[in-house]
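# Architecture at a glance
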Amino acid sequence: MKTTTEQIAEKLRMKRLQHGMTVEKLSEIADVSVGTISTLERKLKVNLSITTLLKLMDALNMKPYELFGSADPSIDELLEDNRALEEKLQNIADIINSKPE
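These notes cover the structure that comes with them.

Thresholds, definitions, all that
- Residues numbered from 1 in each chain as written.
- Predicted model: local features only at pLDDT ≥ 70, side-chain atom pairs only at ≥ 80, totals over all residues.
- Heavy atoms only, no water.
- Axes fitted to C-alpha atoms, helices over the stretch in contact; angles between N-to-C directions.
- Helix = DSSP H or I, 4+ residues; strand = E, 2+ residues; numbered from the N terminus.
- Parallel < 35°, antiparallel > 145°, perpendicular 65-115°, else oblique.
- Contact = heavy atoms within 4.5 Å.
- Core = buried A, V, L, I, M, F, W, Y, C linked by side-chain atoms within 4.5 Å.
- Buried < 20%, exposed > 50% of the residue type's maximum accessible area, 1.4 Å probe, protein only.
- Salt bridge = Lys/Arg side-chain N within 4 Å of Asp/Glu carboxyl O.
- Arc of directions from axis to C-beta.

## So, the packing of helix α2 (residues 23–30) against helix α4 (residues 50–59)
It is at 9 Å that the axes of α2 and α4 come closest, and there the two elements cross at 110°. Here α4 runs roughly perpendicular to α2, going by the angle between their axes. Contacts between α2 and α4 pair L26, I29 and A30 from the former with K55, L56 and A59 from the latter.

Spelled out as structure tokens, the structure:
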């Protein structure tokens, strides 16, 4: 599976929006300039360093497979199912931990 810069930009943007972050807030958390993020999200030509990409992924709590996927679609499905299960388990744990004793 080939991942283009445009696909990376769109996935980063969608993750930012899922977290309810502005470009400015992501810039602050990731220590990446607003201009770099804005240019990337507008899918203009950008030379994105690995360091910058890692900073953005860390700030957005993204795993590599979320950004790049895998060569095997069934692996992507398993990973997505696993992520959904983790979220459900976390919700259950939150409910249990919030109940007074």
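## What about the nonpolar core?
Judged by nonpolar contacts, the single largest core of 17 residues is most densely connected at L12, L26, L56 and L67. Those elements giving two or more residues to this core turn out to be α1 (5–18), α2, α3 (34–41) and α4. Top element by residues in this core is α4. It accounts for four residues. Excluding residues that lie within four positions of it along the chain, L56 makes contacts with L12, L26, A30, V32, I37 and L40.

## Digging into the pattern of salt bridges
Should the charged atoms of two oppositely charged side chains come close, the side chains can pair. For the structure shown, the criterion picks out six salt bridges. With a closest N to O distance of 3.1 Å, E10 and K43 form a salt bridge. Taken together, the positions of E10 in helix α1 and K43 in the loop between α3 and α4 put the pair 33 residues apart, joining distant regions of the chain. Across the pair K15 and E66 runs a salt bridge whose closest N-O atoms are separated by 3.0 Å. Of the two residues, K15 is situated in helix α1 and E66 in helix α5 (residues 64–68); the sequence distance between them amounts to 51 residues. Each of E10, R13 and K43 takes part in a single network of salt bridges with overlapping partners.

## What about α3?
The complete set of buried residues in α3 reads I37, L40 and E41. Taken around the axis of α3, the buried residues stretch over an arc of 95°, which confines them to a single face. Those residues of α3 that are buried lie in contact with α1, α2 and α4. Remark: K43 follows α3 within two positions and exhibits a positive phi of approximately 60°.

## Considerations on the side chain of R16
Here R16 shows up in helix α1. Among residues more than four places away in sequence, those in contact with R16 are M21, T22, V23, L26, E41 and L60.

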